[in-house]
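Observations on chain architecture
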Amino acid sequence: MRVKQSEGLFKRFLPYFALLGAVRLQFAAAIFFGVIFGVASGFGLPFMADRVFPVIFGPEPPPTAILLTVTALIPVVFLIRAASGFLNVYLIHYCGGKVLEALRVRVFSKLQELPLAFYQKNKSGDLLARVVNDTGQLQGVVTNVANDLIKQPLTFIGALGAVVYLSMKQQDLLFVLLALLLVPVCILPIRIIGKKLLHRAHRFLAQTADLTTILNENLTATKEVRAFGLEKREIRKFEQAAQGLFHWAMKVVKYSHILSPTIEVVAAIGVAGAVFYAASRGVSLETILPLIFALYMAYEPVKKLGRIHNEIRKGEASLERLEYILNTEDTVPDPEAPQSMSLGQVRGEIRFERVFFAYEQGIPVLQDVNATISPGEVVALVGPSGAGKTTFANLIPRFYDVSAGAIRVDGMDVRDVRKEDLRRAMAIVPQDPVLFNDTVRSNILAGNLDAPPEAVEYAAERAFAHEFIHELPHGYETVVGEKGMRLSGGQKQRLALARAFLRNAPILILDEATSALDATSEDMIQQALAGLIQDKTVLIIAHRFSTIRLASRILLFENGRIKATGDHEKLYITSNVYKKLYDQQYMT
Ligand SMILES: Nc1ncnc2c1ncn2[C@@H]1O[C@H](COP(=O)(O)OP(=O)(O)OP(=O)(O)O)[C@@H](O)[C@H]1O
Ligand SMILES: [Mg+2]
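Residues numbered from 1 in each chain as written. Chains lettered and ligands numbered in written order. Predicted model: local features only at pLDDT ≥ 70, side-chain atom pairs only at ≥ 80, totals over all residues. Heavy atoms only, no water.

**A look at the site of ligand 1**
We count it as follows: If even one non-hydrogen atom of a residue comes within 4 Å of a molecule or strand, that residue is called near it. Counted as a polar contact is a pair of N or O atoms within 3.5 Å, where, for protein atoms, one must be capable of donating a hydrogen and the other of accepting one, and residues adjacent in sequence contribute only when both atoms are in side chains. The method behind every accessible area is Shrake-Rupley, applied with a 1.4 Å probe, and residues are considered shielded solely by the protein chains displayed.
Around ligand 1, a shell composed of 14 residues is seen, among which Ser 385, Gly 386, Lys 389, Thr 390 and Thr 391 lie nearest. With respect to ligand 1, the side chain of Gln 120 contributes an N or O atom lying 2.8 Å from a nitrogen atom. Contacts to ligand 1 include Lys 389, whose side-chain N or O atom sits 2.7 Å from an oxygen atom. A total of 630 Å² of accessible area belongs to ligand 1 in isolation, and the protein chains cover 66% of it.

Structure representation (structure tokens):
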């Protein structure tokens, strides 16, 4: 049972030992210096005490030359011990750090692959905690464990050897038995405490994630907190989470540190047994003292190994949280045998065939949607809020997969081509575009990382953004601040359009911003749009009827269905919903 469990633990960590492969030389060196350190302290120092000093302080004073050599040996041994000790610790941390780096990158890479649905189920603060905090915890485990996993068993074997040797001299092997007995006796508390610790470490990490989530949310809503006077409520929330964190941190401390004293008490019982046995057999003090000492020395590594077990338990909790990310299945996977879709050949026909979709089971959002958008056609999606327009658009680049039916681009099911190829064929301007905390230039370049430098300014010109960019303190090299904080709403939208210009993809999907802009901004954006839609298949989710004019056909959405299609004149006469939407906007 015990073997099976430790085997299980070992197996859990096994895939991650492969990460040490990249630093195997440093790791081997670390072990090498660890052994040198062990020999220098475990053997070198006692050797000096046992063999060298008696000679120097013998009845005859030794010749000065020998005395000098021997005394010089003292700092030399310490130097070897110090240097190898330092190198051992330094290299172990180096390897641990490298493993951590690789693990972080692996988790982060996985996060890039995961579909949007994953981010709706998981709080970003929690994911943040997993990437930053849990990997850090795991690093602590790797280095601590790697440190002791070599030194401690060696020490135990050494101490056991001493017990055997001393017992043989006594011709009484019962002491060996005593030394061996304490290992199984100590296993019990190690196992019980380890299990409790795992559970508490989990709670502690979850609580850390809660704290991060609150902090993260607070930092993204700084304006709302001040505008609505939520400061006190936010502080209370944070206080509660901090209290919870303290509670579970103390539990972890308790179970981490109760093990050593427990094992010490067990050791004392063992030693008492040895003393009793020796005394009742009339063994002399000189013979029993070294034995008791060796026996005690054998407990030390058992104690340390117990601590390692605890560490591993803590690491296991972190590992499980990381594996949650690493093992999450991609619900929007790439096909095994992808059909080729090369950018130059995409015509841009989009077809929805009997499409059904739900974000959550049982709550249908799109129902039996059929539509064909021809290459080069400009189509506007219109309908009341919540009708499913954005959802319709989200399905084309496979941000989500349909529940039933199919979506085809140029006749190919979007699930049969690689997501990368599919998405390269489209430029998407979301309802609320996000800018990176980087320069204006690199924010536009995000639309197409391979674009030549002069293309950036050309794209900005066509998006009517060049002028305002020119007036920024550092022009194209101005950093826009987190989420583009230093830009106005209209400026952000024009940067998003510049990205789309730069991408120059055959399919353009535009989710128009709902926020109203001033007339000049609005006018510039309309002109930019008119340029952008040339020679492309265009889907515009239009909130402003000025935009609808650009479209040759309108799809009217209502309650997750396409209720009507046609041009403005036709819909205005035939559809009450459309007429109402249109009139409402022109009344205001
Ligand atoms: N991520 C999501 N998870 C669950 N439900 C969602 C999600 N996104 C949208 N919905 C729901 O799906 C329905 C359609 O939403 P969608 O965003 O497609 O509407 P819309 O037509 O774009 O509206 P608007 O004009 O306000 O942008 C709504 O009822 C909405 O509550
Ligand atoms: Mg929308």
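**Here we look at the pattern of salt bridges**
What counts here: For this document, the term salt bridge refers to a Lys or Arg side-chain nitrogen within 4 Å of an Asp or Glu carboxyl oxygen. Runs of E in the DSSP output that reach at least two residues are strands. Runs of H or I that reach at least four are helices, and both are numbered from the N terminus. Note on classification: 1.4 Å probe, protein chains only; a residue is buried when its accessible area is under 20% of the maximum for its type, exposed when over 50%, partly exposed between these limits.
This model, assessed by the stated rule, comprises 25 salt bridges. Note that Asp 126 is salt-bridged to Arg 321, the shortest N-O span being 3.5 Å. Taken together, the positions of Asp 126 in helix 5 (residues 124-170) and Arg 321 in helix 10 (residues 285-326) put the pair 195 residues apart, joining distant regions of the chain. Here Asp 126 falls in the buried class, since its relative accessible area comes to 10%. By relative accessible area, which is 7% here, Arg 321 ends up buried. The salt bridge partner of Asp 330 is Lys 419, with a shortest N-O separation of 3.0 Å. You can see Asp 330 sitting in the loop between helix 10 and strand 1 (350-360) and its partner Lys 419 sitting in helix 12 (residues 419-424), a full 89 residues away along the chain. Via salt bridges that share partners, Asp 126, Arg 130, Asp 134 and Arg 321 belong to a single interconnected network.

**Observations concerning the sheet that holds strand 7 (residues 507-511)**
Note the following rule: In short, DSSP must find at least two bridges between two strands for them to pair. All axes here are fitted lines through C-alpha atoms, helices being fitted over the stretch that makes contact, and every angle between N-to-C directions spans 0 to 180 degrees. For this analysis, residues touch if any pair of their heavy atoms sits within 4.5 Å.
The 6 strands are arranged 6-7-8-3-9-10 in an open sheet whose pairing can be described as mixed. The open sheet has two free edges, formed respectively by strand 6 (426-429) and strand 10 (561-566), since each of these has just one partner strand. For this sheet, the mean inter-axis angle between neighbouring strands, taken without regard to orientation, is 15°. Pairing geometry for strand 9 (residues 553-558) and strand 10, over 5 bridges, is antiparallel. In the strand pairing of strand 10, Phe 557 is matched with Ile 562. Packed on one face of the sheet, helix 16 (residues 489-503) meets strand 6 and strand 7 and runs near 180° to strand 6.

**Quick look at helix 14 (residues 453-462)**
What counts, and what does not: Think of the arc as the fan of directions from the helix axis to the C-beta atoms.
Residues of helix 14 that are buried include every one of Ala 455, Val 456, Ala 459 and Ala 460, and no others. Each buried residue of helix 14 sits inside an arc of 140° when the element is viewed along its axis, so together they form one side. Those residues of helix 14 that are buried lie in contact with helix 13 (440-445), helix 15 (466-471) and helix 16. Just beyond helix 14, the residue with positive phi is Phe 464, at close to 55°.

**Here we look at the sheet that holds strand 1**
With antiparallel pairing, 4 strands are arranged side by side in an open sheet as 2-1-4-5. Looking along the sheet, the strands with just one partner apiece sit at the ends: strand 2 (363-373) and strand 5 (412-413). Two strands pair when backbone bridges link them, and strand 1 and strand 2 are joined in this way by 7 bridges, in the antiparallel orientation. Its bridge partner lying in strand 2, Phe 357 is registered against Leu 366.

**Notes on the environment of Val 99**
Along the chain, the position of Val 99 falls in helix 3 (residues 64-113). Using a relative accessible area of 7% as the deciding quantity, one classes Val 99 as buried. Note: C-alpha distance between Val 99 and Val 369 (270 residues apart in sequence) is 49 Å. With residues up to four places along the chain from it excluded, the contact list for Val 99 reads Leu 19 and Leu 20.

**Regarding the nonpolar core**
A general feature of soluble globular proteins is that nonpolar side chains tend to end up buried together. Definition in use: Here, nonpolar core means buried Ala, Val, Leu, Ile, Met, Phe, Trp, Tyr and Cys residues that are tied together by side-chain atoms lying within 4.5 Å of each other.
In this structure, Val 382, Ile 444, Ile 469 and Leu 495 are the most contacted members of the largest nonpolar core, which totals 48 residues. No other element matches the 7 residues that helix 16 contributes to this core. Val 382 has contacts with Lys 389, Ala 542, Phe 545, Ile 548, Ile 554, Leu 555, Leu 556, Phe 557, Tyr 578 and Leu 581, leaving out every residue within four places of it along the chain. Judged by nonpolar contacts, the second largest core, of 33 residues, contains Phe 357, Leu 381, Ala 393 and Val 402.

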